[in-house]
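# An overview of the molecular structure
Below, each chain spelled out in residue letters.
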Amino acid sequence: MATERTFSILKPDATRRNVTGAVNALIEGAGLRIVGQRRIQMTKAQAEKFYEVHKERPFYGELVEFMTSGPVVVQVLEGENAVAKYREVMGATNPAQAAEGTIRKQFAESVGENTVHGSDSQENAKLEIAQFFQDSDITA
Ligand code: RTP
Ligand code: MG
C-alpha cells in the first residue's frame, strides 16, 4: 500500500461549534497525519472555484454561501491510502446515512452542513492541495 495525501476541509459548521479539535482526534485516531493545516476565511471566488464541478447543481449557490459563512480549516492529510481512508472516516455525505463512528455521524447537522470535505480521488487531491497550499507549508 502506498502512502498518499488527501485534501480536507473542516467546514464552517465545525468552526462555529468549536469542534475542530474533536474532528482532528478522529482523523488522527484513524492513522492519518495532519501534515499541513491553516485556518482561513474562504473568499467567494475561492469557494466558487473549489466547487466548480457542482456549478450546475441546484445546491451550488447555497454551498458557496455556506462555505464562506465562517472560517474553515484547510488540511493536508497523509497516510496509507489516505484518499479512501479519509472518505471512510468522514462517512456518507448525508449524515442520516453515515455509519457509526464516522465524523459526519457524530458531528454533521445536514447534507449541506456536513462538517468535512475530503478529496474523492488522488488526482483531485493533488489539484485541491495545490489550490490552498504551497509545498513549503506541508511538512511530514
Ligand atoms: P465533499 O465534496 O464536501 O467532500 O462531500 P461529498 O463528496 O461527500 O459530496 P459531493 O457530492 O461532492 O457534494 C459536495 C458538497 O455539496 C453539499 N451538498 N449539498 N443540499 C444538497 O442536496 C447537497 N448535496 C451535496 C454537501 O456539503 C457536500 O459535501
Ligand atoms: Mg465531493
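Residues numbered from 1 in each chain as written. Chains lettered and ligands numbered in written order. Predicted model: local features only at pLDDT ≥ 70, side-chain atom pairs only at ≥ 80, totals over all residues. Heavy atoms only, no water.

### A closer look at the site of ligand 1
Neighbouring residues of ligand 1: 15 residues in total, closest Lys11, Thr93, Gly112, Asn114 and His117. Between an oxygen atom of ligand 1 and a side-chain N or O atom of Lys11, the distance comes to 3.0 Å. At 3.5 Å from an oxygen atom of ligand 1 is found a main-chain nitrogen or oxygen belonging to Val111. Sorting the residues of the shell around ligand 1 by element identifies α5 (82–90) and β4 (116–118) as the ones contributing at least two each. Top contributing element to the shell around ligand 1 by residue count: β4, with three residues. (Near = heavy atom within 4 Å. Polar contact = N/O pair within 3.5 Å; in protein donor to acceptor, adjacent residues only side chain to side chain. Helix = DSSP H or I, 4+ residues; strand = E, 2+ residues; numbered from the N terminus.)

### Remarks on the environment of Ser136
By the secondary structure assignment, Ser136 is in the segment after α7 (122–132). Separated by 100 residues in sequence, Ser136 and Gly36 have C-alpha atoms that sit 9.5 Å apart.

### Points about the UniProt feature "binding site: ATP" (unreviewed entry) in the protein
Look at the UniProt record and you will see "binding site: ATP" (unreviewed entry) annotated at Lys11, Phe59, Arg87, Thr93, Arg104 and Asn114. Examined against the element boundaries, Asn114 turns out to sit in the loop between α6 (103–107) and β4. Setting aside residues no more than four positions away along its own chain, Asn114 makes contact with Lys11, Asp13, Thr93, Arg104 and Ala108. A distance of 3.2 Å separates a polar side-chain atom of Asn114 from the backbone oxygen of Thr93. (UniProt positions renumbered as here; feature names shortened; annotations may be inferred. Contact = heavy atoms within 4.5 Å.)

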